[in-house]
Amino acid sequence: MLEFSGAIYGCTGGSVWQMNPPSPHPSPAPAQPRPSRAPGPSPPLPRRQGRRPRCRPARPGTTKGRAAAKARGAPRPPAAPRAVPVPAPRPRLRSLELLRGCPGQRRRPGRSRYRQGEPRSLGWQQPPPPPPAALGGLPVKGNRAGQQDLGKLAGLLLTSLAAWYLGYIFAALIPNKSITTSIANLQDFGKKPVLRAPVPKRQKCDHWSPCAPGHYAYRILSGGGKAKLAKICFEDELLISEEKGNVGRGINIAIVNYKTGKVTAVNYFDMWEGDHSGEMMTFIKNAPEGSLLLMVTHDDGSTQLKSDTKKLVEELGSKEIQNMKFRSSWAFIAAKGFKLPDNIQKEKINHSDKNKNRYSGWPAEIQIEGCIPRNLV
């Protein structure tokens with residue numbers, strides 16, 4: 001305990017409290033004293049050797065001050081009044097433009113912010129009029145809104161009509177083949193490109209390879225069964241074919257001028273019915289010198305063929321005419337008055353065999369083709 005100028009101070013738990021001496025003029029007691037602990041000296045605290053205790057007055061507003069006041073029974077200081085936030089005053093609207101959120105922008109004179117038919121009172125709203133009857137299934141909200149809806153509906157109808165008409169015109173002008181090709185190209189879009197060989201150029205008489213300059217191209221194809229008729233092609237011209245109508249059953253013969261490359265005579269001789277072997281022999285003998293004779297069979301060419309006619313054909317260079325049988329496929333090319341080169345196809349035969357026939361009762365067709373030089377004569 002410490003005593004300074006008539007006041008006694010004490011320290012308890014780090015708090016400072018004051019004991020005043022009795023006054024010679026006591027003050028009247030309060031009407032309702034607050035119950036509190038009787039003040040009195042607290043037992044002295046042990047202090048450390050060589051160190052003076054530090055006792056400072058505690059501020060009443062802190063935690064230590066409240067603990068000290070409670071210990072000495074002093075009345076609790078009144079709480080400070082709380083600060084109530086005062087709302088900031090709203091700015092005064094100087095013009096009607098501020099109602100629209102455009103401060104600082106003044107409206108041009110003569111223009112009103114109210115639309116036609118809109119109430120001018122700010123705090124009162126006119127109730128909306130009852131909607132009239134629906135037009136075309138779409139409710140019309142008002143005179144102006146109804147006009148807008150009708151305009152949109154009319155525009156939609158006009159656009160649909162124009163699109164349909166344009167599509168009809170395009171479908172009439174564009175051919176179906178182009179549309180099909182375009183669709184096929186779209187389907188192939190995205191696929192990996194396939195390297196394809198270019199389409200080979202068509203050669204004379206459908207040869208695989210072209211003939212050298214200064215050569216005649218020929219191709220002889222025998223008939224197959226009853227449906228496929230024989231053909232003779234020379235320099236890309238069909239001399240005997242079904243298209244020309246000069247092919248028939250038996251042996252078909254075409255005579256070509258070697259110098260000009262033009263056909264001079266064409267005929268066919270039926271060897272199944274009638275005696276046409278002599279006519280065939282006469283036809284071959286009448287061929288002029290320097291002619292090419294191209295012969296081919298269709299169906300049967302040996303039943304009515306006589307031996308003297310076979311011998312005449314054998315003299316032209318045939319090696320299979322004596323071996324011809326019923327319905328044998330045979331093709332032959334010969335020259336009268338000159339000799340053909342040995343490195344070209346001149347003759348080919350295919351006999352009828354029930355176990356090997358391609359067609360029922362007829363063997364498969366055969367063909368010979370090649371190139372004949374033009375300087376043999």
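All values reported here derive from a predicted model rather than from experimental measurement. (Residues numbered from 1 in each chain as written. Predicted model: local features only at pLDDT ≥ 70, side-chain atom pairs only at ≥ 80, totals over all residues. Heavy atoms only, no water.)

(A) A look at the sheet that holds strand β10 (residues 329-336). The strand order β8-β7-β9-β10-β11 describes an open sheet built from five strands, whose pairing is antiparallel. Each end of this open sheet is capped by a strand with a single partner; those strands are β8 (263-269) and β11 (347-350). Across the sheet, the axes of successive neighbouring strands diverge by a mean angle of 15 degrees, strand direction being ignored. For strand β7 (residues 250-257) and β8, the ladder comprises six bridges, and the chain directions are antiparallel. By the bridge assignment, Ile 255 is partnered in β8 with Ala 265. Sheet strands touched by helix α4 (residues 277-285): β7, β8, β9 (291-298) and β10. Its angle to β8, the strand with the most contacts, is close to 170 degrees. (Pairing = 2+ DSSP bridges. Helix = DSSP H or I, 4+ residues; strand = E, 2+ residues; numbered from the N terminus. Axes fitted to C-alpha atoms, helices over the stretch in contact; angles between N-to-C directions. Contact = heavy atoms within 4.5 Å.)

(B) How the structure looks around the side chain of Thr 309. Looking at where Thr 309 falls in the secondary structure, it is placed in helix α5 (residues 307-315). Since its relative accessible area comes to 0%, Thr 309 is described here as buried. Residue contacts for Thr 309: discarding those within four places in its chain leaves Ser 277, Met 280 and Met 281. (Buried < 20%, exposed > 50% of the residue type's maximum accessible area, 1.4 Å probe, protein only.)

(C) How the structure looks around the state of the cysteines. In total, this model carries two disulfides according to the counting rule given. One disulfide bridge connects Cys 205 with Cys 233, the sulfur atoms lying 2.1 Å from each other. Disulfide Cys 205-Cys 233: the torsion about the S-S bond is -80 degrees, which places it as left-handed. In this pair, Cys 205 sits in the loop between α3 (176-188) and β4 (215-221) while Cys 233 sits in strand β5 (residues 231-234), placing the two residues 28 residues apart along the sequence. Using a relative accessible area of 2% as the deciding quantity, one classes Cys 205 as buried. On the basis of relative accessibility, which here comes to 8%, the residue Cys 233 falls in the buried class. (Disulfide = S-S within 2.5 Å.)

(D) Here's a closer look at α5. Of the residues making up α5, those classed as buried are Thr 309, Lys 310, Leu 312 and Val 313. Take α5 and look down its axis: the buried residues cluster within an arc of 160 degrees, on one side only. Every exposed residue of α5 that faces more than 90 degrees away from the buried side is listed here: Ser 307, Lys 311 and Glu 315. Its buried side turned inward, α5 meets α4, β9 and β10. Taken from the residues just after α5, Gly 317 is the one with a positive phi, measuring 120 degrees. (Arc of directions from axis to C-beta.)

(E) Geometry of the sheet that holds strand β6 (residues 237-240). If you walk across this open sheet you meet the four strands as β6-β5-β4-β12, and the pairing is antiparallel. Each edge of the sheet is formed by a strand with only one pairing partner; in this case those strands are β6 and β12 (367-373). Across this sheet, the average inter-strand angle for adjacent strands is 20 degrees, counted without regard to direction. One ladder, built from three bridges, connects β5 with β6; its direction is antiparallel. Within β6, the residue paired with Ile 232 across the bridge is Ile 240.

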